[in-house]
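The primary structure of each chain is shown beneath.
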Amino acid sequence: MSALAHHQRSGLPQQLAAQRRAWLSSRHSLPVELAMVLGLYAAYEATRGLVAGDATVALRHAREVISLERSLHFFVEAPVQHAALAVPGLIGTLGFAYLTLHLSLSGGLLVWLHRRRPAAYPFVRTTLLLATALAVIGYVVFPTAPPRLSGVGIVDTVSGGDVDLNTGLVSSLYNPFAAVPSLHIGYALIVGASVARHASHLITRLAGLAYPPVVLLVIVATGNHFLVDAAAGAAVAGVAFLVARLLVTPGGLSG
């Protein structure tokens, strides 16, 4: 091998890394961005459904989560749900929020950033995608039943009526044993922090700060996540943030 060829081959990894960094740091056209985000999220949903895990293992992991929370004296999921059920109309509102806010606000944030805050868009988009990838690893490594399927007196307040997470087309992609980490919380932290950082109006920034606690109430009161799941989702968001800082050039590039 000639010295020139060796030099070219040794420099290839650096070239690929630079190209990847440049691509992730760019704001591409909206159709390209939508295709990428929707395509990767569809793959995430399909993968999550295919690795649904074993019910026995998932229930054992749920019991381990419950044991941990009890040892730390914050196993409060059942009291929170019972309090929400006592308020007329509240649990239905929280169930609707559980089914709609996660994707609608996350998608809306990306569209808004793409149009109005182009310099911020690449970093937030990359952080969300990294959090999604990390969540899939969690579902595979530690399949866990949610509170509503754990036999601890917490009811399923979302399934029923027009939407049932346990049967039909929804259940073909929905993994009932994907409680850890809570991507609802991971996304909520990224969305809330982005709104608080980049919104112009004080009320909107305050709404961004309030969004993660609201989502925490939603996922606990509806019986879909333990507090430990939420903590894991927050950790996923934090790791995704740190990795995105390494991969994305500050300020981004407009495409």
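As a convention, each chain's residues are numbered from 1 in the sequence order in which they are written. A pLDDT threshold of at least 70 governs which residues receive local features in this predicted model, and a stricter bar of 80 or more applies before side-chain atom pairs are shown or counted, although totals over entire chains, interfaces and linings include all residues. Processing note: side-chain calculations cover all non-hydrogen atoms of the structure and skip hydrogens and water entirely.

Student: Give me a nonpolar patch on the surface: which residues, what numbers.
Tutor: Think of a patch as exposed residues, more than 30% relative accessible area, with no salt bridge, where like charges cluster within 9 Å and nonpolar side chains (Val, Leu, Ile, Met, Phe, Trp, Tyr) cluster within 5 Å. For every accessible area listed, the method is Shrake-Rupley and the probe measures 1.4 Å; residues are considered covered only by the protein chains on display. Salt bridges are defined by distance alone: a side-chain nitrogen of Lys or Arg within 4 Å of a carboxyl oxygen of Asp or Glu. Where nonpolar side chains cluster on the molecular surface, the patch consists of L134, I137, V140, V141, V239 and V243 and spans about 470 Å² of accessible area. For the purposes of this entry, the term helix denotes a DSSP run of H or I that reaches at least four residues, the term strand denotes a run of E that reaches at least two, and both are numbered from the N terminus. For the nonpolar patch, the secondary-structure elements that each account for two or more residues are α6 (121-141) and α10 (227-247). Looking at which element gives the most residues to the nonpolar patch, the answer is α6, with four residues. Here V239 is to be found in helix α10.

Student: Could you give me a rundown of the confidence of the model for the chain, with the residues and numbers involved?
Tutor: For the chain, the average pLDDT comes to 85, and 84% of its residues sit at 70 or higher. The low-confidence segment residues 168-172, where pLDDT is below 50, has five contacts with residues more than four positions distant or belonging to other chains. One confidence number per residue, pLDDT, is output by the predictor and ranges from 0 to 100. Only heavy atoms matter for contacts: two residues are in contact if any of them lie within 4.5 Å across the pair.

Student: I'd like a description of the layout of surface pockets, backed by residues and values.
Tutor: A 1.4 Å probe that fits but cannot get out identifies a cavity on a 1 Å grid over protein atoms alone, an open set with protein on both sides within 12 Å along at least five of seven lines counts as a pocket, and a residue lines either if it has an atom within 4 Å of a point. Grid points are joined across faces, edges and corners, and a volume is the space filled by probe spheres set on the points. There is about 470 Å³ of room inside the second largest pocket. Counting residues per element, the lining of the second largest pocket draws most heavily on helix α8 (residues 183-198), which supplies six residues. Gly falls in the polar group here, along with every residue not listed as nonpolar (Ala, Val, Leu, Ile, Met, Phe, Trp, Tyr, Cys, Pro) or charged (Asp, Glu, Lys, Arg). Per-class residue counts for the lining of the second largest pocket are eleven nonpolar, seven polar and two charged.

Student: Run through the pattern of salt bridges, naming residues and quoting values.
Tutor: All chains considered together, the criterion is met by three salt bridges. Across the salt bridge formed by R60 and E64, the nearest N and O atoms sit 3.9 Å from each other. Of this pair, R60 and E64 both sit in helix α3 (residues 55-71), four residues apart, roughly one helical turn. The partner of R148 in a salt bridge is D156, with the nearest N and O atoms 3.0 Å apart. Classification of R148 by relative accessible area gives buried; the value is 7%. Taking the relative accessible area as the measure of exposure, D156 reaches 25% and is therefore partly exposed. Partly exposed residues are those whose accessible area sits between 20% and 50% of the maximum for their type, while under 20% is buried and over 50% is exposed, using a 1.4 Å probe and protein chains only.

Student: Before we move on, could you go through the side chain of E77 and cite the residues and values that matter?
Tutor: The topology assignment puts E77 in helix α4 (residues 77-85). Charge counting follows a simple rule: Lys and Arg are positive, Asp and Glu are negative, and His as well as the terminal groups are ignored. It is R70 that comes nearest to the buried, bridge-free E77 among opposite-charge side chains, at 8.2 Å. Apart from residues lying up to four places away in sequence, E77 is in contact with E69, I154, V220, H225, F226 and L227.

Student: Could you give me a rundown of the packing of aromatic side chains, with the residues and numbers involved?
Tutor: Each Phe, Tyr or Trp ring (for Trp, its six-membered ring) is paired with any other whose centre lies within 6.5 Å, and the angle between the two planes then decides the class: stacked below 30 degrees, edge-to-face above 60, tilted in between. Under the defined criterion, the tally for this structure stands at one aromatic pair. Note on F123 and F241: the rings are 5.4 Å apart at their centroids and 90 degrees apart in plane angle, and the pair reads as edge-to-face. Linking F123 in helix α6 with F241 in helix α10, this pair joins segments that are 118 residues apart in sequence. Residue F241 is classed as partly exposed on the basis of its relative accessible area, which comes to 37%.

Student: Before we move on, can you summarise helix α5 (residues 90-116) with the specific residues and values?
Tutor: By this rule the span expected of a helix is its residue count minus one, scaled by 1.5 Å. The end-to-end C-alpha distance of α5, which contains 27 residues, comes to just 34 Å, noticeably less than the 39 Å that a straight helix rising 1.5 Å per residue would cover. The sharpest bend along α5 reaches about 45 degrees and sits at L101. Taken together, the buried positions of α5 are I91, L94, G95, A97, Y98, H102, S106, L109, L110, L113 and H114. Each residue is assigned a bend, namely the angle between axes fitted to the seven residues that terminate at it and the seven residues that start at it.

Student: Just give me the short version of the packing of α5 against α6, but keep the residues and values in it.
Tutor: Working convention: axes come from line fits to C-alpha atoms, limited for helices to the stretch in contact. Angles between N-to-C directions cover 0 to 180 degrees. Two elements in contact, α5 and α6, have axes separated by 9 Å at closest approach and are oriented at 155 degrees. When the axis of α5 is compared with that of α6, the two are roughly antiparallel. Remark: the crossing between α5 and α6 carries left-handed chirality. Along its contact with α5, which presents L109, L110, L113 and H114, the element α6 presents Y121, V124, R125 and L128. Any angle that is under 35 degrees is reported as roughly parallel, and any over 145 degrees as roughly antiparallel; angles of 65 to 115 degrees are reported as roughly perpendicular and all others as oblique. Note: crossing handedness is left-handed where the near helix turns anticlockwise from the far helix by less than a right angle, and right-handed where it turns clockwise.

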